[in-house]
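The residues making up each chain are set out below.
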Amino acid sequence: MMSQIYSFAGENDFYRRGTIYPNPKDASLLLSLGSFVDVYFPPSKRSRVVAPSVFSGFEKKPVSIDVLPDECLFEIFRRLPGPQDRSACAFVSKHWLTLVSSIRQKELDVPSNKTEDGDDCEGCLSRSLDGKKATDVRLAAIAVGTAGRGGLGKLSIRGSSSGSKVSDLGLRSIGRSCPSLGSLSLWNLSTITDNGLLEIAEGCPQLEKLDLNRCSTITDKGLVAIARSCPNLSELTLEACSRIGDEGLQAIARSCSKLKSVSIKNCPLVRDQGIASLLSNTTCSLAKLKLQMLNVTDVSLAVVGHYGLSITDLVLAGLSHVSEKGFWVMGNGVGLQKLNSLTITACQGVTDTGLESVGKGCPNMKKAIISKSPLLSDNGLVSFAKASLSLESLQLEECHRVTQFGFFGSLLNCGEKLKTFSLVNCLSIRDLTTGLPASSHCSALRSLSIRNCPGFGDANLAAVEKLCPQLEEIDLCGLKGITESGFLHLIQSSLVKVNFSGCSNLTDRVISAITARNGWTLEVLNIDGCSNITDASLVSIAANCQILSDLDLSKCAISDSGVHALASSDKLKLQILSVAGCSMVTDKSMPAIVGLGSTLLGLNLQQCRSISNSTVEFLVERLYKCDILS
């Protein structure tokens, strides 16, 4: 028989009679097999036929597309009809994904700028990668996957402290596949270099927003590339980029005429020259400017005062090399006519003379925040208030030379538009020992916040009540020097929002008086940490408050009875309730809390040790519309 032709697995029973064909590889003989084959199949089992060894010369290895070189695969992929087809191929393997994501838009034979349904929503997608999820492979997948689904418009990448897995290769994928990218944010990515930014510049000409934070290996070269290729750039943020300096800012200033917002923080190579170039070339467009922790001098502030014709929001922080002269020149430059909001923090040059000059030079300023200015005194604050006639909001923080005379002097001399005044951590504030002029008043003031000023006492509150009769919002946080009699001076106002958190001398009598007087206007009441507040206050709140929506009773001496009193009110429609740290609130309050739950959106039960886990679980299930903290 023909054992050379057939081999059997299992039961192999052959009757050998010799070879029929002298040359078994002859094609004509092979085709004439059939009747000459004499094979016996045992009845017990059908044998499996495998490939005959006589055909070994014709055996072919399995054919795979992977045997094609990358150049051929690249040509195939770039000729596919649409982004969905390329996306399908990209998800076959990482190798194919890398090839597909390396194709530039101009290299596509059949470019497509439409989504599958034909709607043109270019750049409508937003993606964010954080920590370990930020890798080159994920970026490549995002680049290819979003191409046929509207296009990537916003991308944020945040590296981890343990090391970033994103490199220039990942940005290359984005640059080559996402021409519609309009916003790019790179945080804590020391592995990204200028080459990655060059790919973005070349492939994403529509880029409008660029945020680089702690990208220590990106230099001026990368920023220059962005400037040359992305003329529509309107927002630039640089923070802790140690190798970016004046050259990059000068390129941005020359090429990006639409720049509206610039924020630069802790970039040691940025000096006066870069800031001067930036301001002088964007006079008509730049509206928001933040300069923080930079090695700039008075020259930069002089440029801001002269060329900042369009600036509406200005933040100056940590400018240790700027003196009083810088602020004086900035104010006298008369270029900040459109300035609406000014924030100055930790600048040693803020003195009485400098701040007064700024007030005079910014006639339309509505909001001012001055913090950590140890050289600012009462005279400077009052002079600033007199000069800033359009001021609506003033906040002072950690200005330790400002006393109660500066506080009341600014209230007496401010313009008629001042609506909000805030003092935070000003340690020189003391209680008044002399009265104020009887005819004086600040009728426009609606909101007053005094936080952590330990010397602020009852006499000051009495003066505030006479000076500011239209107060609607009062925030007295951490004022341990105010007694019950001091708080009672506030009951004459039509209060809407009240915060007495940390005021240890607050009593039930005060809360009862305020709620009785302001029951129809009070919307927010915060008495967190007022340990003298008991159930009596809650009874008064339930009886008088008609529109109260936010109530914070954390660490108060309330019990289940007080919670039941709140629930018994038909008028009260609370949305936010906190009883955190109230040890006398127990599981017995559960029915009352459920009763309040029809309107509750937020409930804080943290550190309520007398409320069991089973009760919390029941409330979570029952009040499914309410966010519960426990």
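Nothing here was measured: the structure is a model prediction, and the numbers come from that model.

Visitor: Explain the overall build of the protein residue by residue, including any values.
Guide: Within the protein, the regular secondary structure consists of 22 helices and 22 strands. Here the analysis covers contacts within the protein between residues at least 6 apart in sequence; of these, 80% occur between residues at least 24 apart. Accessible area of the protein: about 28,900 Å², with a carbon and sulfur share of 51%.

Visitor: Describe helix H20 (residues 560-567), listing the residues and the values that go with them.
Guide: Turn by turn, an α-helix covers 3.6 residues, leaving residues three or four places apart pointing in a common direction. Listing the buried residues of H20 in full gives Asp560, Gly562, Val563, Ala565 and Leu566. As for H20, its buried residues are in contact with helix H19 (535-544), strand S19 (550-552) and helix H21 (590-596).

Visitor: Hey, could you go over helix H10 (residues 272-281) for me, with residue numbers and the actual values?
Guide: Regarding H10, the residues found buried are Asp272, Gly274, Ile275, Ser277, Leu278 and Leu279. Buried residues in H10 make contact with helix H9 (246-255), strand S8 (261-265), strand S9 (288-292) and helix H11 (298-307).

Visitor: Tell me about the pattern of salt bridges, residues and numbers included.
Guide: Enumeration according to the criterion identifies 12 salt bridges in this entry. Note that glutamate 107 is salt-bridged to arginine 104, the shortest N-O span being 3.8 Å. Judged by its relative accessible area of 24%, glutamate 107 falls in the partly exposed class. Since its relative accessible area comes to 22%, arginine 104 is described here as partly exposed. One salt bridge connects lysine 555 with aspartate 528, and the closest N-O pair in it is separated by 3.0 Å. With lysine 555 in the loop between S19 and H20 and aspartate 528 in the loop between strand S18 (524-526) and H19, this pair connects stretches of sequence that are 27 residues apart. The exposure class assigned to lysine 555 is partly exposed, which follows from its relative accessible area of 47%. One continuous salt-bridge network, built from bridges that share partners, spans Glu75, Arg78 and Arg79.

Visitor: If you had to explain the packing of aromatic side chains to someone new, which residues and values would you point to?
Guide: Enumeration according to the criterion identifies five aromatic pairs in this entry. Considering the side-chain rings of phenylalanine 77 and tryptophan 96, the 5.2 Å spacing of their centres and the 65 degrees angle between planes classify their relative orientation as edge-to-face. Of this pair, phenylalanine 77 sits in helix H2 (residues 70-78) while tryptophan 96 sits in helix H4 (residues 94-101), and the two are 19 residues apart along the sequence. The residues phenylalanine 77 and tryptophan 96 share a single accessibility class, namely buried. Here the aromatic rings of phenylalanine 407 and phenylalanine 456 are separated by 6.0 Å at their centres, their planes lie at 70 degrees, and the arrangement is edge-to-face.

Visitor: So what's going on with the pairing of strand S5 (residues 183-187)? Residues and values would help.
Guide: Remark: a regular strand shows side chains that alternate across the two faces of the sheet. Along S5, four of the five residues are buried, which leaves the element largely enclosed by surrounding structure. Bridge analysis of strand S4 (residues 152-158) against S5 gives five bridges, and the strand direction is parallel. When the sheet's bridge partners are listed, leucine 155 is paired in S5 with leucine 184. This β-α-β element, S4 to helix H6 (residues 168-177) to S5, shows right-handed connectivity. Taken together, the five bridges between S5 and strand S6 (residues 209-213) define a ladder with parallel strand orientation. In the strand pairing of S6, leucine 186 is matched with leucine 212. In the classification by handedness, the crossover that spans S5, the intervening helix H7 (residues 194-203) and the parallel S6 is right-handed.

About the cut-offs
- Residues numbered from 1 in each chain as written.
- Predicted model: local features only at pLDDT ≥ 70, side-chain atom pairs only at ≥ 80, totals over all residues.
- Heavy atoms only, no water.
- Helix = DSSP H or I, 4+ residues; strand = E, 2+ residues; numbered from the N terminus.
- Contact = heavy atoms within 4.5 Å.
- Areas by Shrake-Rupley, 256 points an atom, 1.4 Å probe, with all protein chains shown as cover.
- Buried < 20%, exposed > 50% of the residue type's maximum accessible area, 1.4 Å probe, protein only.
- Salt bridge = Lys/Arg side-chain N within 4 Å of Asp/Glu carboxyl O.
- Phe/Tyr/Trp six-rings, centres within 6.5 Å; stacked < 30°, edge-to-face > 60°.
- Pairing = 2+ DSSP bridges.
- Right-handed = clockwise from strand over helix to strand, strands pointing away.

What is shown is where atoms sit, not what they do.
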